[in-house]
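Chain by chain, the residues run as shown.
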Amino acid sequence: MSRITQSARDERCQIRIPHVCLEPRRETVVWCHANGSAAGKGIGMKSHDLLGAYGCQACHDVYDRRTRLPIGMCREDVELAFWEGHARSLQILIKRGMART
């Protein structure tokens, strides 16, 4: 397990999908890797740790398509929430000295 994935312990969800997110409960937060070939994900391969976000179990499940989309949301809304969460998560990693600028 990398330092980045370990850093998710006691972190806040940064993906924050409306009507899904378990915030303020921090015990379910993990490092969620980006999906898609553009992020380097393939069969049996995760994307690089820097292409991820802190996410609670509920947001992670929606992003990874393990649960249904919230009513009124489309896949693009979830992708936007993930990449906004990625930006917020990257800011946290930079402040901690875990990602170089």
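A few points on the structure.

Conventions we followed
- Residues numbered from 1 in each chain as written.
- Predicted model: local features only at pLDDT ≥ 70, side-chain atom pairs only at ≥ 80, totals over all residues.
- Heavy atoms only, no water.
- Helix = DSSP H or I, 4+ residues; strand = E, 2+ residues; numbered from the N terminus.
- Buried < 20%, exposed > 50% of the residue type's maximum accessible area, 1.4 Å probe, protein only.
- Contact = heavy atoms within 4.5 Å.
- Salt bridge = Lys/Arg side-chain N within 4 Å of Asp/Glu carboxyl O.
- Phe/Tyr/Trp six-rings, centres within 6.5 Å; stacked < 30°, edge-to-face > 60°.

Relative to the helices and strands, His-86 resides in helix 3 (residues 75-95). Overall, the relative accessible area of 13% leaves His-86 in the buried class. Ignoring sequence-local partners within four residues, the contact set of His-86 consists of Leu-50, Leu-51, Gly-52 and Ala-53.

Bringing the pattern of salt bridges into the picture now. Side chains bearing opposite charge may pair, as long as their charged atoms lie close to each other. Throughout the structure, instances matching the rule amount to five salt bridges. A salt bridge links Glu-27 to Arg-25, with the nearest nitrogen and oxygen atoms 2.9 Å apart. For Asp-64, the salt bridge identified is with Arg-66, shortest N-O distance 3.2 Å. Assessed through its relative accessible area of 48%, Arg-66 is described here as partly exposed. Among the charged side chains, a network of salt bridges with common partners joins Asp-61, Asp-64 and Arg-66.

Moving on, we get to the packing of aromatic side chains. Note on aromatic pairs: each is described by the distance of the centres and the angle between the planes. In total, this model carries three aromatic pairs according to the counting rule given. On the numbers, 4.1 Å between centres and 5 degrees between planes, the contact of Tyr-63 with Phe-82 is stacked. Placement of Tyr-63 in helix 2 (residues 57-63) and of Phe-82 in helix 3 is noted, with a sequence separation of 19 residues between them. Each member of the pair, Tyr-63 together with Phe-82, is buried.

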